[in-house]
Amino acid sequence: MHRATGTMMMIGDAVHNTFDGVLIAGSFLADPMLGVITTLAVLTHELPQELGDAAVLLHSGFTRKAALSWNLLTSLTSFLGAGLVFALADSAPVFIAMLIPLTVGNFLYIAGVDLLPTLHKEKSSREGVLQLLWMLLGVVLIYAVGLLE
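A.B. asks: So what's going on with helix α2 (residues 32-59)? Residues and values would help.
C.D. replies: Taking 1.5 Å as the rise per residue, α2 with 28 residues should run 40 Å; its terminal C-alpha atoms sit 40 Å apart, in good agreement. A bend of about 25 degrees at Glu46 is the largest found in α2, and the proline Pro48 appears one to four places after it. The set of residues buried in α2 consists of Gly35, Thr38, Val42, His45, Glu46, Glu50, Asp53, Ala54 and Leu57. Backbone geometry just downstream of α2 places Gly61 in the positive-phi region, at approximately 105 degrees.

Next up, the structure:
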């Protein structure tokens, strides 16, 4: 029997992935290079998250095959979000224009909620400094891409 935790997590992940698709498609509509950068950022966020989701599903009583199948299905909802944006692109340009600030806010939220609190939990200052350096490298890379554009 499956525990409710796994089912609730899949519903939340499907909604989350749908919005990821909206953000990626909106970025591509604004600028193809921005779309590529947004896609890479979402992928680097999603890969470890999906591994964690699979672990939650296994712990909730799903078989390995069912956990991977449901995880893949919820991941595919990103295409639903992207398709919605591309379908509305011509008829709702104001909506599309709002997607770029929404995308930026999404990544700031991830940094503020997921990354920064982790720095406070590190037991050694070396690990905390290493995480901070990785975050700064990300900022430098974003700045460098902006200069190249």
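And the narrative resumes.
A.B. asks: Explain a nonpolar patch on the surface residue by residue, including any values.
C.D. replies: Together, Val129, Leu130, Leu132, Leu133, Trp134, Leu136, Leu137, Val140 and Leu141 give the surface a local cluster of nonpolar side chains, amounting to about 880 Å² of exposed area. Its place among the elements puts Leu136 in helix α7 (residues 125-148).

A.B. asks: Explain the confidence of the model for the protein residue by residue, including any values.
C.D. replies: Detailed reading of the predicted coordinates is not advisable wherever pLDDT is low. Per-chain confidence: the protein averages 83 in pLDDT, with 91% of residues scoring 70 or above. Ranking the elements of the protein by mean pLDDT puts helix α6 (residues 99-121) last with 72 and helix α4 (residues 77-88) first with 93.

A.B. asks: I'd like to hear about the environment of Leu68, residue by residue, with values.
C.D. replies: For Leu68, the location among the structural elements is in helix α3 (residues 64-75). Exposure remark for Leu68: the relative accessible area of 51% places this residue in the exposed category. As for Leu68 and Asp53, which are separated by 15 residues in sequence, their C-alpha atoms are 9.4 Å apart.

A.B. asks: I'd love a proper account of the nonpolar core, names of residues and values included.
C.D. replies: The biggest cluster of nonpolar side chains holds 6 residues, and these are Val22, Ala25, Ala82, Val85, Ile96 and Leu99. In this structure, Met9, Met10, Leu57 and Phe62 belong to the second largest nonpolar core, which totals 5 residues.

Calculation rules
Residues numbered from 1 in each chain as written. Predicted model: local features only at pLDDT ≥ 70, side-chain atom pairs only at ≥ 80, totals over all residues. Heavy atoms only, no water. Helix = DSSP H or I, 4+ residues; strand = E, 2+ residues; numbered from the N terminus. Expected span 1.5 Å × (residues − 1). Bend = angle between axes of the 7 residues up to and from the residue. Buried < 20%, exposed > 50% of the residue type's maximum accessible area, 1.4 Å probe, protein only. Patch = residues over 30% accessible without salt bridge, like charges linked within 9 Å, V, L, I, M, F, W, Y side chains within 5 Å. Areas by Shrake-Rupley, 256 points an atom, 1.4 Å probe, with all protein chains shown as cover. Salt bridge = Lys/Arg side-chain N within 4 Å of Asp/Glu carboxyl O. pLDDT = per-residue confidence, 0-100. Core = buried A, V, L, I, M, F, W, Y, C linked by side-chain atoms within 4.5 Å.

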